[in-house]
Amino acid sequence: MLIAHIADLHVSDDGLPVHDLVDTDAATRAVVAALRTLDPPPDIIIAAGDITHDGDGVAAARAKALLAGLPAPVLVCTGNHDRRESLRAAFGRHASDVDDAWMAYTVEDFPVRLIALDAATDDPFVGAMPEAEADWLAARLAEQPDRPTILFLHHPPFDTGIDWMDAIGITIGREALWRVVAAHGNILAILSGHLHRPMVGAWAGVTVYAAPSVMNRVEFIGMRPDGSPEVAIGAAPGYALHETDGTAWSTRLCFVDGHAEEWAMAMPDTYAENSVK
Ligand SMILES: [Fe+2]
């Protein structure tokens with residue numbers, strides 16, 4: 001099973017560059033064109049949130065149109081810049097997406113089960129995992145406890161070490177998600193976005209991947225003497241390709257200008273170190 005993993009498209013409602021700087025339409029078209037050249041094509045495309053820049057319904061419809069040429073179905077989840085009702089209107093509402101307060105659903109059509117989660121709130125600077133949503137996830141996992149499963153949500157649950165990113169991560173309810181994830185041995189990976197750069201970490205015993213951004217990407221420059229990462233805004237858009245048969249797993253990073261880049265490792269997770277395991 002081949003999964004194309006994109007994130008942070010930030011499509012605008014009028015097609016004009018975001019912040020008067022970044023042509024997110026052009027970036028999205030470039031990634032779509034790159035994905036169309038894949039042979040074999042991906043089985044599924046996961047767009048891990050921030051589909052739109054401002055949550056507007058027109059922007060969500062524009063994003064849907066920009067992604068229409070992709071060679072596989074697209075699954076979306078809610079970013080901190082999105083509004084879930086706009087995403088539902090543009091991309092459809094899954095039968096298992098039953099609670100208006102968050103957009104979470106299961107996809108059963110593939111060898112590996114896929115479950116979308118939603119940690120977005122009305123405040124774009126606050127990520128939260130409601131206890132009731134964690135309970136919903138636990139109930140879904142209990143249905144098929146032995147089936148290989150991938151979770152995807154916009155906010156990666158680990159600490160990145162990039163302080164301004166961690167400040168807008170899941171700052172409420174992470175322990176509820178931790179409990180559910182750690183209690184199930186069939187979760188292959190957690191796919192996310194939000195960081196505007198590729199990063200990988202381990203959390204609750206599961207590997208977490210944050211995709212490169214379609215919009216302008218946060219570039220990893222190096223480590224400062226104090227151990228914190230030095231980053232800059234720039235570099236070409238990209239995506240990740242994950243391949244799995246339910247047991248083995250491989251990931252490639254791809255960028256539209258043809259260059260390759262190492263995955264940056266997440267910083268030691270202060271939350272994980274301080275949590276009951
Ligand atoms: Fe974003």
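Residues numbered from 1 in each chain as written. Predicted model: local features only at pLDDT ≥ 70, side-chain atom pairs only at ≥ 80, totals over all residues. Heavy atoms only, no water.

What about the pattern of salt bridges?
Part 1: Within this structure, the stated rule accounts for 12 salt bridges.
Part 2: In this structure, Glu108 engages Arg113 in a salt bridge whose closest nitrogen and oxygen atoms are separated by 3.1 Å.
Part 3: Of the charged contacts, one joins Glu108 and Arg147 as a salt bridge, the two residues approaching to 2.8 Å between their closest N and O atoms. Of this pair, Glu108 sits in the loop between β4 (105–107) and β5 (113–116) while Arg147 sits in the loop between α4 (131–143) and β7 (149–152), and the two are 39 residues apart along the sequence.
Part 4: By relative accessible area, Arg147 is classed as buried at 18%. (Salt bridge = Lys/Arg side-chain N within 4 Å of Asp/Glu carboxyl O. Helix = DSSP H or I, 4+ residues; strand = E, 2+ residues; numbered from the N terminus. Buried < 20%, exposed > 50% of the residue type's maximum accessible area, 1.4 Å probe, protein only.)

Points about α4
Part 1: Under the 1.5 Å per step criterion, the end-to-end length of α4 is 19 Å for 13 residues, consistent within 8% with the ideal 18 Å.
Part 2: Every buried residue belonging to α4 is among Glu133, Ala134, Trp136, Leu137, Arg140 and Leu141, and all of these are buried. Looking down the long axis of α4, one finds its buried residues gathered within 155° of arc, a one-sided arrangement.
Part 3: On the buried face of α4, the contacting elements are β4, β5, β7, α6 (174–182) and β9 (187–192). (Expected span 1.5 Å × (residues − 1). Arc of directions from axis to C-beta. Contact = heavy atoms within 4.5 Å.)

Observations concerning the coordination of the iron ion
Part 1: Ligation of the iron ion by protein atoms is provided by Asp8 (OD), His10 (NE2), Asp50 (OD) and His196 (NE2), these donors lying 2.1 to 2.2 Å from the ion.
Part 2: One can describe the site at the iron ion as irregular: its 4 donor atoms subtend angles covering 88 to 178° at the metal.
Part 3: Site description for the iron ion: donor spacing in sequence, D-x1-H-x39-D-x145-H. Of the two residues, Asp8 is situated in the loop between β1 (2–6) and α1 (24–36) and Asp50 in the loop between β2 (44–47) and α2 (57–66); the sequence distance between them amounts to 42 residues. The burial state of Asp8 is the same as that of Asp50; both residues are buried. (Donors = N, O, S within 2.8 Å, 3.2 Å for Na, K, Ca; no water. Tetrahedral: all angles 85-135°; square planar, octahedral: opposite > 155°, others 65-115°.)

Concerning the environment of Ala48
Part 1: Structurally, the position occupied by Ala48 is in the loop between β2 and α2.
Part 2: The class of Ala48 is buried, set by a relative accessible area of 0%.
Part 3: In sequence terms Ala48 and Ala211 are 163 residues apart; their C-alpha atoms lie 8.0 Å from each other.
Part 4: Here Ala48 is in contact with His5, Ile6, Ala7, Cys77, Leu153, His154, Ser192 and Gly193, once residues within four sequence places are set aside.

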